[in-house]
Amino acid sequence: MTNLLTPEPNSPSLNPVKRYRPATELVYIDTSATDICGRTGPGSTIRDPYNAASVPIYQTATFKQPSASGSGEYDYSRSGNPTRSHVESHLAKIMHAQRAFVVSSGMSALDVILRLVKAGEAIIAGDDLYGGTNRLLGYLGTHGGVTTHHVDTTDPLRIIEALDPERTRMVLLETPTNPMIKIADIPTIADLVHKHCPRALVVVDNTMMSPYLQRPLDLGADIVYHSGTKYLSGHHDLMAGVIGAKTNAVADQLYHVINATGCGLSPFDSWLLLRGVKTLAVRMEKQQANAVLISDYLIRRGFRVHYPGNPSHPQYALHKSMASGPGAVLSFETGQVEMSERIVEATKLWGISVSFGCVNSLISMPCQMSHASIPAHVRQQRALPEDLIRLCVGIEDPEDLLEDLENALVSAGALPNQPMDL
Ligand SMILES: Cc1ncc(COP(=O)(O)O)c(C=O)c1O
Ligand SMILES: N[C@@H](CCSC[C@H](N)C(=O)O)C(=O)O
């Protein structure tokens, strides 16, 4: 049973903030205690004069000031905007972060975070990770003097071996990883990194889980980020990045970069993101339930499936100890690239697209699509199977999804051409 009366971090213990269960917190915005900028308490001076039920879109670049000293709450939307503040405050609550920021994309969120690392310093990251993340780390190596060591993050010892107390500034984890769905032990890694290398920040890309299923800051991470383009918004109608900081000191540094570089999310996209996040629990529950059925079906058909909801996943128990569900992204191998291509192209309901987290189901081949920017020889060194198919399961009727997949597998020659029990 969840404790419903937990004081928020740093809030006066005499004035505990009422906490609800995650699904309620996602949709509940306490307008009586929260001003239009998402602030609570004595600082919350700006209220919506009309008690609008939906947060207004402050579609403005600049704000008139009360005096020549420019002492208004907001002066310019690059530095801050009420609609953006509102979604940031809501997401900080959801992620259990001290403060949160929303920026123009997931890559932009990572770019902001990586600017905390200086030339001459080093990063430890996974050997299975999103292609765009690999590309940005590579860019930083070539142009920014920052070295990244790619290691197998499923083994905390590999991280400890790569730690250099003088140089390591960041340990960057994806869990589950994109696209091999490997799991990193956040609590153990965070403990070891903080002990052996107190200057290093543990950063978790939590895109695949979303804060509804997993909250890395509670597990020991210093910074969490998400591609808000995925589950948080849920409809593939915007690009966004979301960052949560555990402490004000780290948050101040991140805010400085966001204001300096000008990547804060626009008012309209902030509004869309806030609208999307309210339905995260219902979407994720349905997508996840569908994904379990799809994974079971593929296993029954004899494919090698990567999904943490599958009890034979090598880190099933570890994932279960950190997250409240397996999510809705899975991948599987067919044994032949051409066979995989035929399967992907034979589906009708599953859209051939990069990205995931949308209400619609998607199918893709990571090595040719989302991870094509990783050179072929590196993919080979890292044992990323070229025939891998990634499925991002949506909210459709699972019978239709299974039928469409079965038809595609049969027409591609991956299954015998005879009716089977779904
Ligand atoms: C795990 C992961 N992190 C970060 C990103 C980057 O997000 P965005 O596309 O919003 O820049 C992506 C996909 O693009 C991703 O799959
Ligand atoms: N052409 C894009 C590909 C984006 S991949 C999006 C998403 N993270 C996924 O894993 O599908 C690029 O090169 O960045």
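Here is a short report on the structure shown in this document. Keep in mind the model is a prediction, meaning the values are calculated, not measured.

Rules used in this analysis
Residues numbered from 1 in each chain as written. Chains lettered and ligands numbered in written order. Predicted model: local features only at pLDDT ≥ 70, side-chain atom pairs only at ≥ 80, totals over all residues. Axes fitted to C-alpha atoms, helices over the stretch in contact; angles between N-to-C directions. Helix = DSSP H or I, 4+ residues; strand = E, 2+ residues; numbered from the N terminus. Left-handed = near helix turned anticlockwise from the far one by under 90°. Contact = placed C-beta atoms within 7 Å. Nonpolar A, V, L, I, M, F, W, Y, C, P; charged D, E, K, R; others polar. Buried ≥ 20, exposed ≤ 12 C-beta atoms within 10 Å, placed from the backbone. Near = placed C-beta within 6 Å. Domains from an automatic or database assignment. Pairing = 2+ DSSP bridges.

Here helix α3 (residues 106–114) crosses helix α4 (residues 131–144) at 35 degrees, and the two axes come no closer than 11 Å. Crossing geometry of α3 relative to α4 is assigned as right-handed. Here α3 contributes Met107, Leu110, Asp111 and Leu114 to the contact with α4, which in turn contributes Gly132, Thr133, Leu136 and Leu140. When its residues are assigned to classes, the contact of α3 with α4 shows 5 nonpolar, 2 polar and 1 charged.

The next point concerns helix α9 (residues 267–277). Within α9, 9 of the 11 residues are buried, leaving the element largely enclosed by the surrounding structure. Within α9, the full set of buried residues consists of Pro267, Asp269, Ser270, Trp271, Leu272, Leu273, Leu274, Gly276 and Val277. Where α9 is buried, its residues contact α1 (22–27), α2 (82–95), β1 (99–103) and α10 (280–300).

This part is about unusual backbone geometry. A cis geometry characterises the amide bond from Thr175 onward to Pro176, with omega recorded as -5 degrees. With respect to the helices and strands, Pro176 occurs in the loop between β4 (168–174) and α6 (186–196). Of note, Asn51 is a non-glycine position whose phi angle comes to about 50 degrees, a positive value. With respect to the helices and strands, Asn51 occurs in the loop between α1 and α2. For Asn51, a count of 8 C-beta atoms within 10 Å gives the class exposed. Despite not being glycine, His96 has its phi angle at roughly 60 degrees, a positive value. As for its placement among the helices and strands, His96 is situated in the loop between α2 and β1.

A separate point is the site of ligand 2. Near ligand 2, the surroundings consist of Tyr130, Gly132, Asn178, Val354, Ser355, Phe356, Ser370 and Ser373. Grouping the amino acids of the shell around ligand 2 by side-chain chemistry returns 3 nonpolar, 5 polar and no charged. Both domains that furnish three or more residues to the shell around ligand 2 are identified here as domain 1 (96–277) and domain 2 (280–411).

Our next topic: α3. Burial analysis of α3 places 7 of its 9 residues in the buried class, which makes it a mostly covered element. Taken as a whole, α3 has its buried residues at Gly106, Ser108, Ala109, Leu110, Val112, Ile113 and Leu114. Summarising the contacts, the buried residues of α3 are in contact with β1, α4, β5 (201–205), β6 (223–227), β7 (241–245) and α8 (248–261).

Here β6 lies mainly inside the structure; 5 of its 5 residues are buried. In β6, alternate side chains face the same way, and those of Ile223, Tyr225 and Ser227 on one face and Val224 and His226 on the other are all buried. Inspection of the sheet shows β5 paired to β6 by 3 bridges, in the parallel sense. Each residue of the ladder has a partner; that of Val203, found in β6, is Ile223. In terms of strand pairing, β6 meets β7 through 5 bridges, oriented antiparallel. Counted as the bridge partner of Val224 is Gly244 from β7.

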